[in-house]
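These are the residues of each chain, in order.
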Amino acid sequence: MLKLESYLIIQKLGYNMTIEEKAFLDLVSFMEGTFGVGSNGYDVLINDGAEKGKSRVIKGWTKDTTITHGCDSWYVKSLNSTAAGRYQFTCKTWKGINNNVNAEMTMNNQDDAALKLLRQKVGNNYDFKVVSVADMSNQMEKIKNTWSSFKRKTPAEVYDLYK
């Protein structure tokens, strides 16, 4: 499902990544609850499970924004987090993946940082061609401590979303 949508988006917007990379990024966004919310999640502050269309968003965000990660802590439903953006980067992770710089939260910077973080977790040579539930299980094991939403579903459920 996500792979076909990702292919169409790559064709339309000219992303500089493979279809499989884009699909995996879309999967992370979907699992984090930001896919299709606000500006497709790029402007979402911590996902609090709010009703669609009523999520907290970064005011004034555009795809080429000059806004950096606010590093504000949000308390929602017994969770205290600084998560922001399409891939719900905490402030510490955002700065860490950007060489200790609070980079602007542009669409490209968020995608690049998420892909870099994924590669750190699954290996630089991984091609993101998940072809089975076993492949998905292997990748989920490597990223579940970075994106805890992957702990909430089985590999079979996640693979069905991805394929």
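This section reports on the structure supplied with the text. (Residues numbered from 1 in each chain as written. Predicted model: local features only at pLDDT ≥ 70, side-chain atom pairs only at ≥ 80, totals over all residues. Heavy atoms only, no water.)

### As for the side chain of Q88
The test is simple: Working definition: helices are DSSP H or I runs of at least four residues, strands are E runs of at least two. Numbering for both runs from the N terminus. We call two N or O atoms a polar contact when they sit within 3.5 Å, provided that within protein one can donate a hydrogen and the other can accept it, with sequence-adjacent residues counted only if both atoms are side-chain atoms.
For Q88, the location among the structural elements is in the loop between β2 (79-81) and α3 (91-97). At a separation of 2.8 Å, a polar atom in the side chain of Q88 contacts the main-chain carbonyl oxygen of G85.

### Thoughts on the state of the cysteines
Selection rule: The disulfide criterion used throughout: a pair of cysteine sulfur atoms within 2.5 Å.
Taken as a whole, this structure holds one disulfide when the rule is applied. Two residues, C71 and C91, share a disulfide whose sulfurs are 1.9 Å apart. Between C71 and C91, the S-S dihedral sits near 65 degrees, and the bridge is therefore right-handed. Residue C71 is found in the loop between α2 (19-32) and β1 (74-76), and its partner C91 is found in helix α3; the two are separated by 20 residues along the sequence.

### A short note on the packing of α2 against helix α6 (residues 155-162)
The cut-off we apply is this: Think of each axis as a best-fit line through the C-alpha atoms, taken over the contacting stretch in the case of a helix, with angles from 0 to 180 degrees between the N-to-C directions. Angles below 35 degrees are treated as roughly parallel, those above 145 as roughly antiparallel, those between 65 and 115 as roughly perpendicular, and all remaining angles as oblique. Here is the rule for handedness: rotate from the far helix to the near one, and if that takes an anticlockwise turn smaller than a right angle the crossing is left-handed, while a clockwise turn gives right-handed. Any two residues whose heavy atoms approach within 4.5 Å are treated as being in contact. Only Asp, Glu, Lys and Arg are considered charged, only Ala, Val, Leu, Ile, Met, Phe, Trp, Tyr, Cys and Pro nonpolar, and every remaining residue, Gly among them, polar.
Where α2 contacts α6, the axes come no closer than 10 Å and their chain directions differ by 125 degrees. Between α2 and α6, the interaxial angle falls into the category oblique. Relative to α6, α2 is oriented so that their crossing is right-handed. Within the contact between the two elements, α2 uses E20, A23, F24, L27, F30 and M31 and α6 uses V158, L161 and Y162. Of the residues belonging to the contact of α2 with α6, the class tally is eight nonpolar, no polar and one charged.

### Overview of the packing of helix α4 (residues 107-122) against helix α5 (residues 133-143)
Axis separation between α4 and α5 bottoms out at 8 Å; the angle between their running directions is 105 degrees. The orientation of α4 relative to α5 falls into the category roughly perpendicular. Here L118, K121 and V122 of α4 lie close against α5, whose contacting residues are Q139, K142 and I143. Taken together, the residues of the contact of α4 with α5 break down into three nonpolar, one polar and two charged.

### A look at the packing of aromatic side chains
Defined as follows: Ring geometry is summarised as follows: Phe, Tyr and Trp rings, the Trp one being its six-membered ring, pair when their centres sit within 6.5 Å, and such pairs are stacked at plane angles under 30 degrees, edge-to-face over 60 and tilted between the two. Three labels apply to residues, based on accessible area from a 1.4 Å probe with only protein chains included: buried if under 20% of the type maximum, exposed if over 50%, partly exposed otherwise in between.
In total, this model carries eight aromatic pairs according to the counting rule given. Ring geometry for F24 versus F128: centroids 5.4 Å apart, planes at 55 degrees, classification tilted. In this pair, F24 sits in helix α2 while F128 sits in the loop between α4 and α5, placing the two residues 104 residues apart along the sequence. Using a relative accessible area of 1% as the deciding quantity, one classes F24 as buried.

### Brief notes about the pattern of salt bridges
The criterion, for reference: Salt bridges are defined by distance alone: a side-chain nitrogen of Lys or Arg within 4 Å of a carboxyl oxygen of Asp or Glu.
Taken as a whole and judged by the stated rule, the model has four salt bridges. Notably, a salt bridge pairs D26 with K22, separated by 2.7 Å at the nearest N-O pair. Taken together, the residues span about one helical turn, with D26 and K22 both in helix α2 at a distance of four residues. Accessibility assignment for this pair places D26 and K22 in one class, buried. In this structure, the salt-bridge partner of K144 is E141, at a minimum N-O distance of 3.1 Å. A network of salt bridges, in which partner residues are shared, links K22, D26 and R86.

Functional significance is not addressed by these values, which are geometric in nature.
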